Amino acid sequence: ASHQAASLTRTTCGYCGVGCSLEVVTRDGEVTAVLPARDGPVNQGHACVKGRFAHGYLTSPERLTRPLLRRDGHLEPVGWDEALGHVARGLRAAVDAGGPDAVAAISSARATNEENYLVQKFMRVVIGTNNVDNCSRLCHSPSAAGLTASFGLSGGTDSLDDVERADCLLVVGANPVEAHPVVGARLLRRVLHGAKLVVADPRAVGLALHADVHLRPRPGTNVALFHGLAHILLTEGLTDEEFLRDRATGLPELTELLDDYPPHRVADITGVPASDLIAAARLYGRARRPAIVYGLGVTEHLHGTDGVRSLANLAILRGAVGTDRGHGVNPLRGQNNVQGASDMGALPDLLPGYGKVTDPAARSRAEAVWGVPVPEHPGLRIPDMFAAARAGDLRALWVIGEDVCATDPDANRVAQALDACPLVVCNELFLSETARHADVVLPVASWLEKDGTFVNFDRRFQRVRPAVPPPAEARTDFDVIHAAASAMGVDLGCPTPADALAECGRVAPVFAGLSHHRLDREGAIPWPCPNPDRPGEAKLYTERFATPDGRARLAAAPYLPPGEQPDDDYPLILVTGRRWAHYNSGSMTRRGGNLALDPVDFLDLHPDDAVRYDVQDGAQVTVESRHGRARLITRVSEQTAPGQVFCSFHFPASGVNRLTSDHADTVTSCPEYKVTAVRVAAP
Ligand code: SF4
């Protein structure tokens, strides 16, 4: 047999939000290796075990290769015409019966920017509703709301390169060594070169081993913790008075609030010793160029937006944002393109580039490009979509690349919602938990099989290129959305991904300077990038903040307790998160060699609790919350604090999201994954 020579395709990793540049080696139409690009702007020649090795799923015999249609209760293979005809008739019937708002779509970080742009355009132009949301609702929607309120834009304030110049790193509610390994390594490199490190996390995460101070607050007490640090900055004179006078608002209100957060009171609320609080505040407060990096341990709370804003207060008090005296406030995005999904307007209240649907000027800009009126009332958020489905008000739901039955909280009720909805369409690689509840399952391409762009955690657009074609009849989400629109008699325009990004730039001036052509030439370009002749802005707010008055806004939100507290019936707090070898629901990383690296899910619990609840290391236990039940294998570990247990969500079969509650951030509806009261018992 003759073999083709190996070829290389440069693309961007489709797992976490770091955005590593990868060289994909293919031979005879198959991926044989994935190598980190030496000149990758973020990864600088490195990659982690996910990006490098988790590509075996591409050729898994479980890949969906033909559309599936539910008949007599069973999903059966059909042709694309029949599947799309069913989708088109179902969407039309839903609109006829309940109006455009009886239809909703959930987009995701699995989709490229161009696909996300097309999804929201489909919903607004073809259906006539703002009922479109994306998976950022479940992770960093409080970052979007909080950072916009504090500084004016919905993104991290500085680049990773800036952060790596900091002389003090405050890493909060994040485990980058496992969840964002390339960032974890770059932060660690900085620490080994002399930067101070403060880690604030209930668990003894990897970076905590190298921390000068490790703060271990009780889950759900972040706002009190941040106020405690701010109190010390103020009382010890570690603030930037000139910055506060010239570039910030809200100091009197915050000063009054912080009177209630002296170290001893904060110690009572958070469990963090006052001496540790003082030591941490002094390290951050006395540094010449401090930086804050944070993760979902800040956002996934009942008061997640207050958490983001209270954390941002620290940078404002220090004048360490928008100046050369620090490197801002930087969220670590969990998924590859969760920043981009929101940037592209796959949100119920925001158009591409974050224009509000309630703002006539933003609507008319989109209307001028799309040629149809844009609905002016905000649409449903993801949890509200499920509630509307259970109430019988939502008649069609299109889920694109998100396994909501595995990754959304209170999963039993999510499944009820899908079963109550007359039409559920699912774009998927595999027969996921969600696809099992769908009426139509459309087989789609993965990140190694499509063309477009992603935006990483520090706002860089980078190119995504197909290394191999999708299998058999699978198509890209981009093609599927176009085909569905055609089946409904609408031409969505922008026939190629490059056209879609160009059109997005006409709707959203903040992206007007970007193009595939330019990205092919220059590599990574951060937004804002309004001008094709100018570089994007890696560091934001150097002249003014993007708020109406150009000033950063301090927030004075009091600490409020989480939605659940431990009690006699449910004495432990469950925290969920990520582990090193897997990604989200694990549908890709569990199909290949990474499964051997990390083969089962564990419930981590502290040795004291193992004794207290008579649980042996390696024993199978039943975990119960007020919402559901899961079965897990225990791992006795001091990484988890007494009174807390930890589990990932990479193995849906163990059912961890049947445990989590529907408590959600009061501002953005982001679920409180980080605080669920549970008990463990013998199986
Ligand atoms: Fe890089 Fe994240 Fe991909 Fe790992 S998963 S290679 S850190 S982008």
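Just so you know, these numbers come straight off a predicted model, no measurement behind them.

### Things to note about the overall build of the chain
Link 1 in the chain: Regarding its fold elements, the chain presents 24 helices and 26 strands.
Link 2 in the chain: In summary, the chain has a C-alpha radius of gyration of 24 Å against a globular reference of 26 Å for 683 residues, a match within 12%.
Link 3 in the chain: Dimensions of the chain, computed from the C-alpha atoms along their principal axes, are close to 70 × 60 × 60 Å.
Link 4 in the chain: Residues counted as buried form 61% of the 683 residues belonging to the chain.
Link 5 in the chain: Here the analysis covers contacts within the chain between residues at least 6 apart in sequence; of these, 73% occur between residues at least 24 apart.

### Section: the environment of Gly 353
Link 1 in the chain: Within the element layout of this structure, Gly 353 appears in the loop between α15 (338-343) and α16 (360-370).
Link 2 in the chain: For Gly 353, a count of 23 C-beta atoms within 10 Å translates into the label buried.
Link 3 in the chain: Between the alpha carbons of Gly 353 and Arg 124 there is a distance of 15 Å; along the sequence they are 229 residues apart.
Link 4 in the chain: Apart from the residues within four sequence positions on either side, Gly 353 is in contact with Val 507, Ala 508, Pro 509, Val 510 and Phe 511.

### Quick look at the sheet that holds strand β23 (residues 620-625)
Link 1 in the chain: One closed barrel holds the six strands; their spatial order is β21-β25-β22-β24-β23-β26, and the pairing between them is mixed. Ignoring strand direction, the axes of neighbouring strands in this sheet form an average angle of 45°.
Link 2 in the chain: Pairing analysis gives four bridges linking β23 to strand β26 (residues 676-681), with the strands arranged antiparallel. In the strand pairing of β26, Glu 624 is matched with Arg 679.

### A look at helix α4 (residues 141-151)
Link 1 in the chain: Of all 11 residues making up α4, nine are buried, and the element is well covered by its neighbours.
Link 2 in the chain: Restricting attention to buried positions, one finds in α4 the residues Ser 141, Pro 142, Ser 143, Ala 144, Ala 145, Gly 146, Leu 147, Ser 150 and Phe 151.
Link 3 in the chain: In the core, the buried residues of α4 are packed alongside α13 (296-299), α14 (304-317), β13 (329-331), α15 and β20 (552-553).
Link 4 in the chain: Positive phi appears at Gly 152, one or two residues downstream of α4, with a value of about 120°.

### Concerning unusual backbone geometry
Peptide bonds are trans in most cases, and residues, glycine excluded, mostly fall at negative phi.
Link 1 in the chain: For the peptide bond that leads from Trp 527 to Pro 528, omega is 0°, which places it in the cis range.
Link 2 in the chain: With a phi angle near 45°, Ala 472 is a residue other than glycine that sits in the positive phi range.
Link 3 in the chain: Turning to its location among the elements, Ala 472 is positioned in the loop between β18 (460-464) and α20 (477-487).
Link 4 in the chain: A positive phi angle, near 70°, is found at Ser 669, a position not held by glycine.
Link 5 in the chain: Positionally, Ser 669 belongs in the loop between β25 (644-648) and β26.

### Points about the site of the ligand
Link 1 in the chain: In the region of the ligand, 14 residues are neighbours, and Cys 13, Cys 16, Cys 20, Cys 48 and Gly 51 sit closest.
Link 2 in the chain: Elements represented by at least two residues in the shell around the ligand include exactly α1 (49-53) and α7 (181-192).
Link 3 in the chain: Per-class residue counts for the shell around the ligand are nine nonpolar, four polar and one charged.
Link 4 in the chain: The residues that make up the shell around the ligand include at least three from each of domain 1 (7-59) and domain 3 (141-332).

### Side note on the domain arrangement of the chain
Link 1 in the chain: Split into domains, the chain comes out as domain 1 (7-59), domain 2 (68-132 + 378-526), domain 3 (141-332) and domain 4 (572-681).
Link 2 in the chain: The centre of domain 2, based on its C-alpha atoms, is set 36 Å off from the matching centre of domain 3.
Link 3 in the chain: Taken together, the contact between domain 2 and domain 3 spans four residues of the former and seven residues of the latter.
Link 4 in the chain: For the side of domain 2 that touches domain 3, the class distribution of residues is two nonpolar, no polar and two charged.

### Details of the sheet that holds strand β7 (residues 132-134)
Link 1 in the chain: Reading across the sheet, the seven strands line up as β5-β4-β16-β15-β14-β6-β7 and stay open at both edges, with mixed pairing between neighbours. A single partner strand is all that each edge strand has here, and the edge strands are β5 (74-77) and β7. Direction aside, neighbouring strands of the sheet carry axes that sit 20° apart on average.
Link 2 in the chain: Of the pairings in the sheet, the one linking strand β15 (residues 423-428) to strand β16 (residues 440-443) comprises four bridges and is parallel in character. Bridged to Glu 428 within β16 is Pro 443.
Link 3 in the chain: Of the strands in this sheet, β4 (68-71), β6 (103-107), β14 (396-400), β15 and β16 are in contact with helix α2 (residues 80-98), which crosses β16 at around 135°.

### Observations regarding the packing of helix α3 (residues 113-127) against helix α21 (residues 497-507)
Link 1 in the chain: Here α3 crosses α21 at 65°, and the two axes come no closer than 9 Å. Relative to α21, the element α3 is oriented roughly perpendicular. Of the two elements, α3 crosses α21, and the hand of that crossing is left-handed. Taking contact as the criterion, the partners of Asn 113, Glu 114, Tyr 117 and Leu 118 in α3 are, on α21, Pro 497, Ala 500, Leu 501 and Cys 504.

Parameters at a glance
Residues numbered from 1 in each chain as written. Predicted model: local features only at pLDDT ≥ 70, side-chain atom pairs only at ≥ 80, totals over all residues. Helix = DSSP H or I, 4+ residues; strand = E, 2+ residues; numbered from the N terminus. Rg over C-alpha atoms; globule rule 2.2 N^0.38 Å. Buried ≥ 20, exposed ≤ 12 C-beta atoms within 10 Å, placed from the backbone. Contact = placed C-beta atoms within 7 Å. Pairing = 2+ DSSP bridges. Axes fitted to C-alpha atoms, helices over the stretch in contact; angles between N-to-C directions. Near = placed C-beta within 6 Å. Nonpolar A, V, L, I, M, F, W, Y, C, P; charged D, E, K, R; others polar. Domains from an automatic or database assignment. Parallel < 35°, antiparallel > 145°, perpendicular 65-115°, else oblique. Left-handed = near helix turned anticlockwise from the far one by under 90°.

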